[in-house]
Amino acid sequence: MLFLLIESTCDETAAAVVTDQLEVLGSVVASQDELHAKYQGVVPEIAARAHVERILPVIDETLKKSGKQLSEIEAIAVANQPGLAGSLLVGVVAAKTLAMVLDIPLIGINHLQAHIYACRIAAEKEVFPCVGLVVSGGHTSLYSCKTALDFELLGGTIDDAAGEAFDKVAKMIGLPFPGGVAVAKLADQGDPTAFNFPRSFIKDADRLQFSFSGLKTAVRYKIAGPGKPLPEELEMSDEEIRNLCASFQEAVVDCLVAKSIQAIRKTGLQRLCVGGGVAANRRLRARLAEAAEKHSFELVIAPLSLCTDNAVMGAIAIEKMKAGQVDDLHLEIVPGLVRQ
Ligand code: KG4
Ligand code: ZN
């Protein structure tokens, strides 16, 4: 059976064609980074308009890459939650229209479950039950994932998401949006012990929550001092900036690793699956691998190509189809859960 998958929850317009055997025939991701760069963040209205312009060309290109005709598609799936309302609407309207015209099943999918399902695709074997860590620009959450479709929230961030913190630190030191990758690159050449930044709740095993806003403020104070505006030109040497990035990254990674271990202990589950844009971070991947070895749990991290937003991870629709969880043309967008 052939599935067309559509993703437009934030600022990537993406489509993929996959078989029900999880074989990826074609995948296209159109990034909008350059449109949002001058605003140093995603502007919802600009994102929605760009999705409108790109969605049909992206679907066309995906079909071409797959060597398939639209008429051969047998089911359509679209991420309808959570995300930016205008962005979600574009994908959902496109999916509904195609499902109606082709008279084929329509399946709405949860973008956060899809981020974890990226691990299932990469592992090429069952990965559930597991603890799921979604760590992206909009979300930093731990779940007890009983099946691909049955998630219970263990805890999440009470303020910024980890990726958002990376992007904000990037902005403070004048790096272009989205700065996560650039901060990580500088961090890899710096000393992670140079600055002692806060690690919220790290020792409190009963509290499976994250907070990165104090860390962000601590970084800001190192750059400008309390109560002072950020300088036009940084008054730090290149080495100090690298050390700042490394110390910031280490604080984020320490929290993510500690809370993942605590979640494994609390649930008694023996596998950790990690997805989302920040899961591409090299230091996080290395530290999670060390933790898995030390604490004897299995670790599955999404491959780099499936960490940041993409449509392939929407193959979770295959599980929904098998479970009889098919939607109809009443499918609605559910933008909520912004901080979950
Ligand atoms: O999953 P994603 O594409 O979008 C959301 O669903 O939010 O994640 C994007 C986020 C951005 O904040 C970006 O800066 C961050 O992931 N990111 C990274 C790295 N690569 C992407 N953060 C740290 N290190 C990286 N290597
Ligand atoms: Zn995402």
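Residues numbered from 1 in each chain as written. Chains lettered and ligands numbered in written order. Predicted model: local features only at pLDDT ≥ 70, side-chain atom pairs only at ≥ 80, totals over all residues. Heavy atoms only, no water.

### As for the packing of aromatic side chains
Next up, step 1: The tally for this structure, following the rule as stated, stands at four aromatic pairs.
Next up, step 2: Above the plane of the ring of phenylalanine 201 lies arginine 207, whose end atom (NZ or CZ) is 3.8 Å from the centre. (Phe/Tyr/Trp six-rings, centres within 6.5 Å; stacked < 30°, edge-to-face > 60°. Lys NZ or Arg CZ within 6 Å of the ring centre and 35° of its normal.)

### Concerning the coordination of the zinc ion (ligand 2)
Next up, step 1: Around the zinc ion (ligand 2), the protein contributes the donor atoms His111 (NE2), His115 (NE2) and Asp309 (OD), at 2.0 to 2.1 Å from the metal centre.
Next up, step 2: Metal-centred angles of 95 to 138 degrees between the four donor atoms at the zinc ion (ligand 2) mark the site as irregular.
Next up, step 3: Read N to C, the donor residues that coordinate the zinc ion (ligand 2) are spaced as H-x3-H-x193-D. Residue histidine 115 is located in helix α4 (residues 111-123), and its partner aspartate 309 is located in the loop between β10 (298-301) and α10 (316-322); the two are separated by 194 residues in the primary sequence. In this pair, the class of histidine 115 matches that of aspartate 309, namely buried. (Donors = N, O, S within 2.8 Å, 3.2 Å for Na, K, Ca; no water. Tetrahedral: all angles 85-135°; square planar, octahedral: opposite > 155°, others 65-115°. Helix = DSSP H or I, 4+ residues; strand = E, 2+ residues; numbered from the N terminus. Buried < 20%, exposed > 50% of the residue type's maximum accessible area, 1.4 Å probe, protein only.)

### Points about the domain arrangement of the protein
Next up, step 1: Domains assigned within the protein are domain 1 (2-104 + 310-322) and domain 2 (124-306).
Next up, step 2: Inter-centroid distance (C-alpha atoms) of domain 1 to domain 2 is 27 Å.
Next up, step 3: Carbon and sulfur atoms make up 71% of the surface buried where domain 1 meets domain 2, a total of about 920 Å² over both sides.
Next up, step 4: One can count zero salt bridges joining domain 1 with domain 2.
Next up, step 5: Run the count over domain 1 and domain 2 and you get one residue pair in polar contact (both at pLDDT 80 or more).
Next up, step 6: Where the side of domain 1 that touches domain 2 is concerned, the elements lending two or more residues are α1 (33-36) and α10.
Next up, step 7: Looking at which element gives the most residues to the side of domain 1 that touches domain 2, the answer is α10, with three residues.
Next up, step 8: For the side of domain 1 that touches domain 2, the class distribution of residues is six nonpolar, four polar and four charged. (Domains from an automatic or database assignment. Buried area = accessible area lost by both parts, 1.4 Å probe. Salt bridge = Lys/Arg side-chain N within 4 Å of Asp/Glu carboxyl O. Polar contact = N/O pair within 3.5 Å; in protein donor to acceptor, adjacent residues only side chain to side chain. Nonpolar A, V, L, I, M, F, W, Y, C, P; charged D, E, K, R; others polar.)

### A word on the site of ligand 1
Next up, step 1: Neighbouring ligand 1 are 19 residues, the closest being Gly137, Asp167, Gly277, Asn281 and Asp309.
Next up, step 2: Histidine 111 is positioned such that a nitrogen or oxygen atom in its side chain is 3.5 Å from an oxygen atom of ligand 1.
Next up, step 3: The separation between an oxygen atom of ligand 1 and a polar side-chain atom of serine 136 is 3.4 Å.
Next up, step 4: Contact with the protein chains removes 89% of the 550 Å² of surface that ligand 1 exposes when unbound.
Next up, step 5: In this structure, ligand 1 is accommodated by the largest pocket.
Next up, step 6: Counting residues per element, the ones that place at least two in the shell around ligand 1 are α4, α5 (162-172) and α6 (180-187).
Next up, step 7: By residue class, the composition of the shell around ligand 1 is six nonpolar, 11 polar and two charged. (Near = heavy atom within 4 Å. Areas by Shrake-Rupley, 256 points an atom, 1.4 Å probe, with all protein chains shown as cover. 1 Å grid on protein atoms, 1.4 Å probe; cavity = no way out; pocket = protein on both sides within 12 Å on 5 of 7 lines; lining within 4 Å. Sits in = over half its atoms within 2 Å of the grid points.)

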